[in-house]
Amino acid sequence: MLRVLAVDDEKPALEELLFLLRADPRVRSAEGATDATEALRRISRALDAGPDGEDAIDVVFLDIHMAGLTGLDVARLLAGFAKPPLIVFVTAHEGFAVQAFDLKAVDYVLKPVRRERLAEAVRRVSDLTGQGAAPVAPAPAAPVTVDSAPDQIPVELGGITRFIPIDAIAYVEAQGDYARLHTDEGSHLVRIPLSTLEERWAARGFVRIHRRHLVALGRIEELRLDAGATTVRVGGAELAVSRRHARELRDLLMRHARR
């Protein structure tokens, strides 16, 4: 069973997180820290004691925005240890997901924290530590990683799940283990690799133009060649086309225009 340290400088948020963690049958113990300095002190003590020590910590549920050192700062410091605890970020801000996963975070949970979403994070940690998992009700991940209907994809923000029509998506941008879906109304982050969306949506007319971008062929407004460089305008954005994809894209656009 997991030994958890939760870190948040907002006491009500910390108490709620601890309540949810302690209610999970896969969690042996869950203790709290209200700032990064206290958290680092506890983690250092745990590492000195070893994995079988009384103060051992398997995973840290870590807020990002805190007074003094941020959660990202803490994660960078822990990366210098030989065997640091796993990290799950818990934050109200979706914009740090790429940095979080660059720091090898196990998961990225958005506030307000839902019981089902937290259970999914605990499951991931349990799987990685090899400590198994007690039976719990199935819980969806968030950001959600699978299509729930043929023509829609679910996205989550602030505990609310919306269903975005795939036809409304102009292009997709890779952001680490996540992908950002760009529509005319805004953008949404989902925990799906770009390569997975490329495979799923090929039949819907989405094509890879770069290692970072997947575009809806029918939403391309302009193709431009300038001094050997190829770009497209789609959804109001100008995106680079890599050399390896340029010829194929031109051929696809020509065939699409003849229909």
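We now turn to the structure provided with this report. (Residues numbered from 1 in each chain as written. Predicted model: local features only at pLDDT ≥ 70, side-chain atom pairs only at ≥ 80, totals over all residues. Heavy atoms only, no water.)

**Regarding the overall build of the chain**
- Secondary structure assignment for the chain yields 7 helices and 15 strands.
- Out of the 259 residues belonging to the chain, those deemed buried represent 47%.
- Sequence separation of at least 24 residues holds for 53% of the intrachain contacts in the chain that already meet a minimum separation of 6.
- Summing over all exposed atoms, the chain offers an accessible surface of approximately 13,300 Å²; the carbon and sulfur share of this is 51%. (Helix = DSSP H or I, 4+ residues; strand = E, 2+ residues; numbered from the N terminus. Buried < 20%, exposed > 50% of the residue type's maximum accessible area, 1.4 Å probe, protein only. Contact = heavy atoms within 4.5 Å. Areas by Shrake-Rupley, 256 points an atom, 1.4 Å probe, with all protein chains shown as cover.)

**Some remarks on the sheet that holds strand β15 (residues 237–241)**
- A sheet is described by the order of its strands in space; here 3 strands give the open sequence β13-β14-β15, paired in antiparallel fashion. Among the strands making up the open sheet, the edge pair consists of β13 (220–226) and β15. Between one strand and the next, the sheet's axes are offset by a mean angle of 25 degrees, whatever the strand orientation.
- Across 6 bridges, β13 lies against strand β14 (residues 229–234) in antiparallel orientation. Residue pairing across strands places leucine 225 opposite threonine 230, the latter belonging to β14. (Pairing = 2+ DSSP bridges. Axes fitted to C-alpha atoms, helices over the stretch in contact; angles between N-to-C directions.)

**Side note on the side chain of glutamate 173**
- Within the secondary structure layout, glutamate 173 lies in strand β8 (residues 169–175).
- When its relative accessible area of 16% is taken as the criterion, glutamate 173 is described as buried.
- Residues contacting glutamate 173, with those up to four places away along its chain left out, are Tyr178, Ala179, Arg180, His182, Leu194, Arg212 and His213.

**Observations regarding the pattern of salt bridges**
- Applying the stated criterion to the full structure yields 20 salt bridges.
- Between arginine 224 and glutamate 222 there is a salt bridge, with the nearest N and O atoms lying 3.0 Å from each other.
- In this structure glutamate 222 comes out as partly exposed when scored by relative accessible area, which is 33%.
- Ionic contacts of the salt-bridge type, sharing partners, join the residues Asp107, Arg117, Glu120, Arg123, Arg124, Asp127 and Arg191 into one network. (Salt bridge = Lys/Arg side-chain N within 4 Å of Asp/Glu carboxyl O.)

**Remarks on the environment of aspartate 9**
- Relative to the helices and strands, aspartate 9 resides in the loop between β1 (2–7) and α1 (11–22).
- You can call aspartate 9 partly exposed: its relative accessible area is 31%.
- For the pair aspartate 9 and isoleucine 64, spaced 55 residues apart in sequence, the C-alpha separation works out to 9.8 Å.
- For aspartate 9, the contacting residues outside a window of four places in its chain are Thr34, Asp63, His65, Met66 and Ala67.
- Polar side-chain contacts of aspartate 9 include one of 3.0 Å to the backbone nitrogen of alanine 67. (Polar contact = N/O pair within 3.5 Å; in protein donor to acceptor, adjacent residues only side chain to side chain.)

**Notes on the nonpolar core**
- Leu5, Val7, Val60, Leu62, Phe89 and Tyr108 are the most contacted members of the largest nonpolar core, which has 27 residues in total.
- Listing elements by their share of this core, those giving two or more residues are β1, α2 (36–49), β3 (59–62), α3 (71–78), β4 (86–91), α4 (97–102) and β5 (107–110).
- Sorting elements by how many residues they give to this core places α2 first, with 5 residues.
- For leucine 62, the contacting residues outside a window of four places in its chain are Val7, Gly71, Val74, Ala75, Ile87, Val88, Phe89 and Val90.
- Grouped together as the second largest cluster of nonpolar side chains are 20 residues, Leu18, Ala30, Val59 and Val106 included. (Core = buried A, V, L, I, M, F, W, Y, C linked by side-chain atoms within 4.5 Å.)

**Observations regarding α3**
- Of all the residues in α3, the buried ones are Gly71, Leu72, Val74, Ala75 and Leu78. Angular distribution of buried residues about the axis of α3 spans 160 degrees; they occupy a single face of the element. (Arc of directions from axis to C-beta.)

**Quick word on the packing of α1 against helix α5 (residues 115–129)**
- Direction vectors running N to C along α1 and α5 enclose 65 degrees, while the axes themselves pass 10 Å from each other. For the crossing formed where α1 meets α5, the hand is right-handed. Taken together, the residues of α5 that come into contact with α1 (itself represented by Leu17, Phe19, Leu20 and Leu21) are Arg115, Leu118 and Val122. (Left-handed = near helix turned anticlockwise from the far one by under 90°.)

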